[in-house]
Amino acid sequence: MDSTISADTLGHFFAWAPAVLGVIIYAIAYFSKRHEGMETAPSLGTTYACAGCGKRSVREHMVPQMHAGAVSYYCAKCAGSH
C-alpha cells in the first residue's frame, strides 16, 4: 500500500491554504469587531440641532419631543411655539 501524497494533491493544498486561512482570519476579525464602537446612548457632551431654527446646543438645553417613535430636539425659543 502506497501512503505517499501525490504531487497534485500537495500542490492543490498549498495553492488553496493561504486563501482559506485568509478567509477564516477575516471572518474571525469581522465577528469579533462588528459591535465595537457602537454607543448605546449619546454622550452628554453631544450637541443637537434645533428642529425648528437649526441652532446647536447641548442636550441639557434642548427640549425633546416625541413624534411617532422619533425624537426631535427644540431650543427653548422654538419649543414654546411647537
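Residues numbered from 1 in each chain as written. Predicted model: local features only at pLDDT ≥ 70, side-chain atom pairs only at ≥ 80, totals over all residues. Heavy atoms only, no water.

What about the confidence of the model for the protein chain?
The predicted coordinates should not be examined in detail at positions where pLDDT is low. The condition is simple: Every residue carries a pLDDT, the predictor's confidence in it, which falls somewhere between 0 and 100. What counts as a helix is a DSSP run of H or I of at least four residues, what counts as a strand is a run of E of at least two, and both are numbered from the N terminus.
With 88% of its residues at a pLDDT of at least 70, the protein chain reaches an overall mean of 84. Per-element confidence in the protein chain is highest for helix H1 (residues 7–33), whose mean pLDDT is 93, and lowest for helix H2 (residues 76–81), whose mean pLDDT is 82.

Things to note about the packing of aromatic side chains
Put simply, the rule is: Note on aromatic contacts: the rings of Phe and Tyr and the six-membered ring of Trp form a pair at centre separations within 6.5 Å, being stacked when their planes are under 30 degrees apart, edge-to-face when over 60 apart, and tilted otherwise. Exposure categories follow from relative accessible area, calculated using a 1.4 Å probe and restricted to protein chains: below 20% of the type maximum is buried, above 50% is exposed, and the middle band is partly exposed.
Taken as a whole, this structure holds three aromatic pairs when the rule is applied. Here the aromatic rings of Tyr30 and Phe31 are separated by 5.2 Å at their centres, their planes lie at 70 degrees, and the arrangement is edge-to-face. With a relative accessible area of 45%, Tyr30 lands in the partly exposed category. Ring centres 4.5 Å apart and planes at 35 degrees place the aromatic pair Tyr48 and Tyr73 in the tilted group. You can see Tyr48 sitting in strand S1 (residues 47–49) and its partner Tyr73 sitting in strand S4 (residues 70–74), a full 25 residues away along the chain.

Looking at the nonpolar core
Test applied: Only buried Ala, Val, Leu, Ile, Met, Phe, Trp, Tyr and Cys residues count toward a nonpolar core, and they belong to the same one when joined by side-chain atoms within 4.5 Å. When checking whether two residues touch, look at their non-hydrogen atoms; a contact exists if any pair is within 4.5 Å.
Tyr48, Cys50, Met62, Tyr73, Tyr74, Cys75, Cys78 and Ala79 form the largest nonpolar core, which has eight residues in total. Elements with a contribution of two residues or more to this core: S4 and H2. If we skip the residues at most four places from it in the chain, Cys50 touches Lys55, Met62, Tyr73, Tyr74, Cys75 and Cys78.

Considerations on unusual backbone geometry
With phi around 55 degrees, Ala68 is a residue other than glycine that occupies positive phi space. Within the secondary structure, Ala68 is located in the loop between strand S3 (63–67) and S4.

Focus: the environment of His61
One can find His61 in the loop between strand S2 (56–58) and S3. For His61, a relative accessible area of 56% translates into the label exposed. Sequence separation of His61 and Tyr48 is 13 residues, and the distance between their C-alpha atoms is 9.5 Å.

What about the state of the cysteines?
Using the following cut-off: Note on terminology: disulfide denotes any pair of cysteine sulfur atoms within 2.5 Å.
For the structure on display, the rule yields zero disulfides. With no disulfide of its own, Cys53 lies 3.8 Å from the sulfur of Cys78, the closest cysteine sulfur. Taking relative accessible area as the criterion, Cys53 reaches 45% and is therefore assigned partly exposed. Free cysteine Cys78: the closest other cysteine sulfur is in Cys75, separated by 3.6 Å.

Concerning the pairing of S4
Our working rule: One bridge is not enough; two strands pair if DSSP finds at least two bridges between them.
In this structure, S3 lies alongside S4, joined through five bridges in antiparallel fashion. The partner of Gln65 across the bridge, within S4, is Ser72.

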